[in-house]
Structure formats: structure tokens, C-alpha cells
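Single-letter residue listing:
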Amino acid sequence: MTGRLQALGRATLDGLQALGGAVLLLGRLLRGATVVLVRPRLLVEQVYAVGTLSLVIIAVSALFVGMVLGLQGYYTLVDFGADDSVGTLVALSLVRELGPVVTALLFAGRAGSSLTAEIGLMKATEQLSSMEMMAVDPERRILAPRFAAALVAVPLLAAVFSAVGVIGGYLVAVGMLGIDGGAFWSNMQSAVDVTPDILNGVIKSVAFGFVAGWIALYMGYTAEPTAQGVSRATTQGVVRTSLAVLGLDFLLTALMFD
Amino acid sequence: MSERLVEIGVGAFVALGLAALLVLALQVSGLTELRQPPGYEVTATFDNVGGLREKAPVSMAGVHVGRVESIALDPETHQARVTLRIERGYDSIPADSTAAIYTSGLLGEQYVGIEPGWEQATLAAGDRFTETQSAVVLERLIGQFMTQMQD
Amino acid sequence: MTGDEVLARVRDLRFQRGRRWIFDGVDLDIRRGQVTAIMGPSGSGKTTLLRLLGGQLRPHGGSVQVAGQEVPRLSRPELYRLRRRMGMLFQSGALFTHLSVFENVAFPIREHAELPEPLLRALVLLKLEAVGLRGARSLMPAELSGGMARRVALARAIALDPVLVMYDEPFTGQDPITMGVLIELIRRLNDILGLSSVVVSHDVEETLAIADYVYVIADGRLLAEGSPAQLRASDSAAVRQFLDARADGPVPFHYPAPGLAEELLDGEGP
Ligand SMILES: Nc1ncnc2c1ncn2[C@@H]1O[C@H](COP(=O)(O)OP(=O)(O)OP(=O)(O)O)[C@@H](O)[C@H]1O
Ligand SMILES: [Mg+2]
């Protein structure tokens, strides 16, 4: 009994300590991110790695998600004779929820995992240590630009996701199911507003980019410096980012659209 | 990977992202402040617009011909003044046509339908529909039905 | 000897990993302009000592002074300022795997000085020439052999012309010719540029040939110290065992453990 209590106590303390470490790291990341103002090259390289290289997977996923939304929306709405409103359904789902959320989940899998693995390996092979010995702060030189890149890339990727998804919905609804194009767009436009819908979607995606970058870097930076340690950190990074994004999405939705 | 390619890649990515945001603002939400589509405006006055919203479609014989630009309350008559923007190309709507508010399907959104009249003269920019038919408000309909039943 | 001659001074150093004391009261001095060698069995804490000198680890007791500054007490910016004047060759090389050989050596220069590209190029090529790898400048670290990688790391460690260079096992994995060249190089860098060097090594002959002063550590303590000649002449059993490479003697070859027979009969645990 006391053994279990002790285990619980230790787990709690470890968890709190990890959280504290993560928060401290976040503070240093935010301060360090100013480096990209002095050396924009560092940011450009990382935006390429996490943003440009994620474009294809984001666009293809978005197209399919939009097409499925178009089909499902049509079959649901046609029973009520409201099939003209399929554009509304597609656009609102994408802009408010699926664009930011699915983008963040894909980002965690595609870019976040590689950030964790990269940082973890750099640590395991003493590259970060040797950088410190060269009087170069790895948090500022390596971690902070990657964090800034996630912050820039996720909102842009989410916007691409929503836009491509709407196009996918259009292709199915108008091209395949024969809904009037004008009605498709004007129903959508009458239901979707820049504020709150699109703005809230953008705010969500900024928050998700923040969380995804933070967790991925923290996991890599604190990974045990072994092959196993890095692979465990990578998996856990994706899992934790996904959970954090979904939980945060609920919170933000409750706050925004109450 | 050469620096040039990286820079081009990032430039393209950022441009695409911003373009997507623009598409969302203009095409998806129809931000009219930034985009004034060609066409002309006419007005119609209704006793009750029900759930009609700005940017709702305007159609004639089921064909999309324009959309609702704005909805405002007339302070004197206490009626709803609805401004419709008719797209370019549909400039031969008879002047005695009727503007009516319908619901697409049972649960769908409300839209303005135009029933053509017989006059030779056509509506031009700034004209007003003389004949209108307000939205059918389901609650009121049910209420009327109930009172008739009691009689 | 005046205080100015000592660049780094370690007093009563105590450091612990888990329950084990890696250092339990060690004193040593790194003198300016000299090559100081640290020798000792594997796992005796030589790498740990270098990390303590570089401020990457904090001692649990005692003092570590470099250039008159108490390293564990330095603030982060002060520590980084001090490190600009230190070079360290990591035991693993620790090259940046995403950068070419040239860019690896250029990295510290680019980070700390804004040199025009031609000057930087000349500087980097000179460093690479010194370790015999000018021709390998466009290779990636993954395309290098272990010995080559270590030489690139050496070139990188001296890229900023530091005051104190620490070499962790510079000779491991080098063929006899390269080994000779590296010994020459470390000695000449030390003498011509007026650096101070710390060389950690197992290679007894090479180390004694290059060093001005040698410390032998084992079991958390200083086993012996002196010039190479003094050590060679030493009749201490421990020093003899180490220099003559014998398994039996006072210096333990094994990581601390219960007796073998005891553990085999016990039959428990991993
Ligand atoms: N991160 C660590 N965590 C726990 N113990 C460690 C860690 N790093 C090193 N040690 C322990 O500290 C001791 C000294 O390690 P160190 O790397 O300094 O040895 P060394 O003298 O450099 O050995 P070698 O000659 O093999 O490189 C070793 O016994 C090792 O088990
Ligand atoms: Mg070592």
C-alpha cells in the first residue's frame, strides 16, 4: 500500500517537474526566437523543412477530406431538401474545426516527429554539447528557429487545408452531384463570416502550431540520449501533441463560439 | 539543397498560404468590403424576412441570379428593407415581378426567389420590387392552424 | 612557480554520478603554454573532467578555476564568453551531421565572427590542411571514416584559435602515420600559437612523447603526477602497472563490482 502511494507520489512529482521544465524551456524558446529577426536565414531553412515539405501531404489530405465532406453532407442534407446548403456544411466544418485540427495532427506526424528525432539525435551524438562548448547556445541557434518556424507554418498550412478542402467539396457537390455552383457559393458565403469563423480558425491554428512546436522540441531536447530514448520520445511527442491539440480545440471552441 | 531552392520553396509556401487565406476571406466568407461584384442593386420591402441572412442567394426559376446585399429595418414603416444585388447578365427582370422569401427544403437556408411578371419594362439599378411576399414563419403558421382547429 | 603560469586550477574536486564518486578530492593544474596529459583507465572520469573544466557539469565540491574565474559560479553569458576561448575535441567527434566537412569547421567562425567569405574560406582550408583533410572538404560526416571524422573535429576545435584546447582521445582510430602527424600538430599548435593543451589519452607512448606534464587518475583520485621522465622513472606499483599495461596490480581494470564467484553463485539479477 505504502509502495503504491510512493509510486503515485513519485509519478506526480516527476510529472510536475517535467511540466516545470517544459515551461522554462518555453520561456527560453520565446526569448531565443528573437534570433530570427537578426538572422532570418535560420527561420527560412526551418520553414522550408516543416512548411514547404509538408505542403503536399496537407493539400492531398485536404482534397480528400473536402470531397468526403461534400458527399456526406449531400447525402445527409438531400433528405431534407437542403442539398444546396452542402457548401455551408463543408466550409464551416473546415474553417472552424477540421482545417486547424487535422493540419495540426498531420503536422505532428510529418514535421513534429522529425523535429523531435532530429533534436534527440543531435543530443545523443553530442552535437548540442559540442555546440555549447563552442559558445553557441543550442537553444537559441537550433531550437528557437524551429519553434518560430512551426508558429509560422501551421497557420499557413491550415489555411491551405481549408481552402483546398472547400475546393474538394466544390468538385464533388457541383461537379459530381450537380448542385448549382452559384447556390453552392452564395449559401456558403451567407453562412461563413470573416469574424468569427475564419478569424477563430486562424487563432486556433496559431495556438496549435505553438503547442506542436513546443512539445516536439521539448520531447527531443529531453530525450534519453540513446536510440531507444529518441524513438520513444518521437512516438510520445506525436501522441502528446495530438492529445494536446484535441483538448485545446475543445477549450478554444467552448470559449470562442459560446 | 541549394540556398536558392530553399528560398524559392519558402517563398512559394508563404505565397500559397496567404493566397489560401485570401480565398477563405473572399470566396468562402464573401467579404464584400474587399470585392464588389459587378451587377446592379434593387430593393424589396418585406413585412418579415424570417431567417434570411446577408449574402443569401437570389434565384429565379431555380437559377442563381444574385444575392442579398444587406438587410435593414425601415425606421418609419417598421418593415425590412432588403437590398439585392443582381448579377450582370440578368438585366431583363420584368418590373412587376414578385420577390418572395422561401426556404430551401424543410430545414435549409432561406433565399429570395423572384417570380417574373408580365410587363415589358425591366428593373434597373435602384428600383424597388412592388410586389413582395414575406417569409413563411413556421411558428406563426402552426399558430394559425391551431386557432382554426379550435373554431 | 607564480599563479600566472596556471591557466586552470582544480582543487579538491568532488563529483558524483549516482552513488559513485567519480572524483573524490582531486587537485591539478593546467599550466600555460604546456601540454598537460590526463591518463587513466577507461571509465575513470577523464571525459568528465574535461566537461567540468568546460562548465558543462557542476562539481559537487571543490573548485574549478579557468583563467582566474570560478567556472561553476559563472553566469550563462560569462560562461559563454569563457568558452569562446576554449576548444574541445569530443571523444565521439560530435560533427554536425547536416553540414559538410567545410561547413563544420566554418561553423564556430561563422557564429562568432563576420568574416568576408574569401577570408573565411582561407582560414577553414588552412585548418583542414593542418589535419590533412583539405581534399575532403565537401564530404558529409557520414562519408568519413572514424579517424577522419575525429581529425575534422580537431580542425573545428582549433578553428577559433582558442587559448585552451582540450583533446579527448585525439589518437584513437588513427593509423601510425596520422598519429605521428597529429602528435606533431598538437605540439606545434601549442608551441607556435602559445596555446595550452589538455590531452586525454590511453596511448601511453604517444602521450608521454607529447606531454610536458602528466596526471594519472584512477578510482576517483590522483594516482601519480609528474613530467614524463619522472613517471617513467617512477617505481610506484600503480604507475608501473599502467605504463607497462598489466592487468594485475593496484589499478582496478574492472568497474566496481562484487566478487565474481560470489555473483555467479548468487544467481540473481540481470
Ligand atoms: N551521463 C552519465 N550518467 C551516469 N554515469 C555516467 C554518465 N556519463 C559517465 N558516467 C560514468 O562516469 C564515469 C566516468 O565517465 P567518463 O566518460 O568520464 O570516463 P572516461 O575516463 O572518459 O572513460 P574513457 O576512457 O572510456 O572515455 C564512468 O564510470 C561512467 O559510468
Ligand atoms: Mg572518455
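Conventions and cut-offs
Residues numbered from 1 in each chain as written. Chains lettered and ligands numbered in written order. Predicted model: local features only at pLDDT ≥ 70, side-chain atom pairs only at ≥ 80, totals over all residues. Heavy atoms only, no water. UniProt positions renumbered as here; feature names shortened; annotations may be inferred. Donors = N, O, S within 2.8 Å, 3.2 Å for Na, K, Ca; no water. Helix = DSSP H or I, 4+ residues; strand = E, 2+ residues; numbered from the N terminus. Contact = heavy atoms within 4.5 Å. Expected span 1.5 Å × (residues − 1). Buried < 20%, exposed > 50% of the residue type's maximum accessible area, 1.4 Å probe, protein only. Pairing = 2+ DSSP bridges. Axes fitted to C-alpha atoms, helices over the stretch in contact; angles between N-to-C directions. Phe/Tyr/Trp six-rings, centres within 6.5 Å; stacked < 30°, edge-to-face > 60°. Lys NZ or Arg CZ within 6 Å of the ring centre and 35° of its normal. Parallel < 35°, antiparallel > 145°, perpendicular 65-115°, else oblique. Left-handed = near helix turned anticlockwise from the far one by under 90°. Nonpolar A, V, L, I, M, F, W, Y, C, P; charged D, E, K, R; others polar. Buried area = accessible area lost by both parts, 1.4 Å probe. Salt bridge = Lys/Arg side-chain N within 4 Å of Asp/Glu carboxyl O. Polar contact = N/O pair within 3.5 Å; in protein donor to acceptor, adjacent residues only side chain to side chain. Near = heavy atom within 4 Å. Areas by Shrake-Rupley, 256 points an atom, 1.4 Å probe, with all protein chains shown as cover.

Per an unreviewed UniProt entry, the recorded name for chain B is Outer membrane lipid asymmetry maintenance protein MlaD, and the organism is Halorhodospira neutriphila.

Chain A is annotated in an unreviewed UniProt entry as Intermembrane phospholipid transport system permease protein MlaE of Halorhodospira neutriphila. Chain A has a UniProt comment under Subunit (unreviewed entry) that states "The complex is composed of two ATP-binding proteins (MlaF), two transmembrane proteins (MlaE), two cytoplasmic solute-binding proteins (MlaB) and six periplasmic solute-binding proteins (MlaD)."

The protein atoms that coordinate the magnesium ion (ligand 2) are Thr-47 of chain C (OG1) and Gln-91 of chain C (OE1), at distances spanning 1.9 to 2.2 Å. Of this pair, Thr-47 of chain C sits in helix H1 (residues 46–53) while Gln-91 of chain C sits in the loop between strand S6 (86–89) and helix H3 (101–112), placing them 44 residues apart in sequence.

Considering every one of the two pairs of chains in contact, the largest contact total is recorded for chains A and B. A gap remains between chain B and chain C, which never touch, and the nearest two C-alpha atoms on either side lie 11 Å apart.

Before going further, it helps to spend a moment on helix H1 (residues 3–28) of chain B. The terminal C-alpha atoms of H1 of chain B lie 36 Å apart, and with 26 residues this matches the ideal 38 Å at 1.5 Å per residue to within 8%. Elements in contact with the buried residues of H1 of chain B: helix H3 (40–50), helix H4 (55–77), helix H5 (86–124), helix H7 (138–176), helix H8 (181–191) and helix H9 (194–221) of chain A. Phi for Gly-30 of chain B, located one or two positions after H1 of chain B, is positive at around 60°.

With the exception of glycine, the majority of residues adopt a negative phi angle, and the majority of peptide bonds are in the trans configuration. Here Thr-195 of chain A and Pro-196 of chain A are connected by a cis peptide whose omega angle stands at 10°. Topologically, Pro-196 of chain A is positioned in helix H9. One non-glycine residue, Glu-126 of chain A, adopts positive backbone phi at about 65°. Positionally, Glu-126 of chain A belongs in the loop between H5 and helix H6 (127–133). For Glu-126 of chain A, a relative accessible area of 18% gives the class buried. A positive phi angle is found at Ala-67 of chain C, which is not glycine, with a value near 50°. In this fold, Ala-67 of chain C is placed in the loop between strand S4 (61–66) and strand S5 (69–70). The class for Ala-67 of chain C is partly exposed, based on a relative accessible area of 29%.

With that out of the way, let us pick up the sheet that holds strand S8 (residues 196–200) of chain C. Residue and element names in this part refer to chain C. Read across the open sheet, the six strands follow the order S6-S7-S8-S3-S9-S10; overall the sheet is mixed. Here the strands that pair on one side only, and so sit at the sheet edges, are S6 and strand S10 (221–226). On average, each strand axis in the sheet is tilted by 15° relative to the strand beside it, whichever way the strands run. Pairing of S6 with strand S7 (residues 164–168), which is carried by four bridges, proceeds in the parallel orientation. In the sheet register, Met-86 faces S7, and the bridge partner there is Leu-164. Against the sheet, H1 contacts strand S3 (35–39), S6, S7, S8 and strand S9 (213–218), and its axis sits at roughly 155° relative to S7.

Residue and element names in this part refer to chain B. The residue Thr-43 is located in strand S1 (residues 39–46) in this model. You can call Thr-43 buried: its relative accessible area is 12%. The contact partners of Thr-43, leaving out residues within four places of it in the chain, are Arg-81, Val-82, Thr-83, Asp-127, Arg-128 and Phe-129.

In this structure the tally under the stated criterion is nine aromatic pairs over all chains. With a centroid separation of 5.4 Å and 70° between ring planes, the pair formed by Phe-147 of chain A and Phe-210 of chain A is classed as edge-to-face. Within this pair, whereas Phe-147 of chain A is found in helix H7, its partner Phe-210 of chain A is found in helix H9, the two being separated by 63 residues in sequence. Of the residues examined, Phe-147 of chain A reaches a relative accessible area of 1% and is grouped as buried. These aromatic residues form a ring-pair network of at least three members: Phe-147, Phe-210 and Trp-214 of chain A. Here the guanidinium or amino end of Arg-14 of chain C rests over the ring plane of Trp-21 of chain C, the centre of that ring lying 4.3 Å away. In this structure, Arg-83 of chain C packs its charged tip against the face of Tyr-80 of chain C, placed 5.3 Å from the ring centre.

So, on to the packing of H7 of chain A against H8 of chain A. Residues and elements named next belong to chain A. Taken N-terminus to C-terminus, the directions of H7 and H8 make an angle of 140°; their axes are 10 Å apart at the nearest point. The orientation of H7 with respect to H8, classified from their angle, is oblique. Between H7 and H8 lies a crossing whose hand is right-handed. Along its contact with H7, which presents Val-166, Gly-169, Tyr-170, Ala-173 and Val-174, the element H8 presents Gly-181, Phe-184, Trp-185 and Met-188. Grouping the constituent residues of the contact of H7 with H8 by class yields seven nonpolar, two polar and no charged.

Chain B puts 37 residues into the contact, and the matching count from chain A is 38 residues. In total, chain B and chain A occlude about 3,000 Å² of area from one another, counting both sides; carbon and sulfur atoms represent 68% of this. At the boundary of chain B and chain A, one finds four salt bridges. If you look at where chain B meets chain A, you find eight residue pairs in polar contact (both at pLDDT 80 or more). Broken down by class, the residue content of the side of chain B that touches chain A amounts to 20 nonpolar, nine polar and eight charged.

Moving on to the site of ligand 1. Residues and elements named next belong to chain C. Taken together, 15 residues sit near ligand 1, with Arg-20, Ser-42, Lys-46, Thr-47 and Thr-48 positioned nearest. Arg-17 places a side-chain nitrogen or oxygen 3.4 Å from a nitrogen atom of ligand 1. Here an oxygen atom of ligand 1 and a side-chain polar atom of Gln-91 are 2.7 Å apart. Here ligand 1, which alone exposes 640 Å², has 65% of that area covered by the protein. Every element with two or more residues in the shell around ligand 1 is listed here: strand S2 (20–31) and H1.

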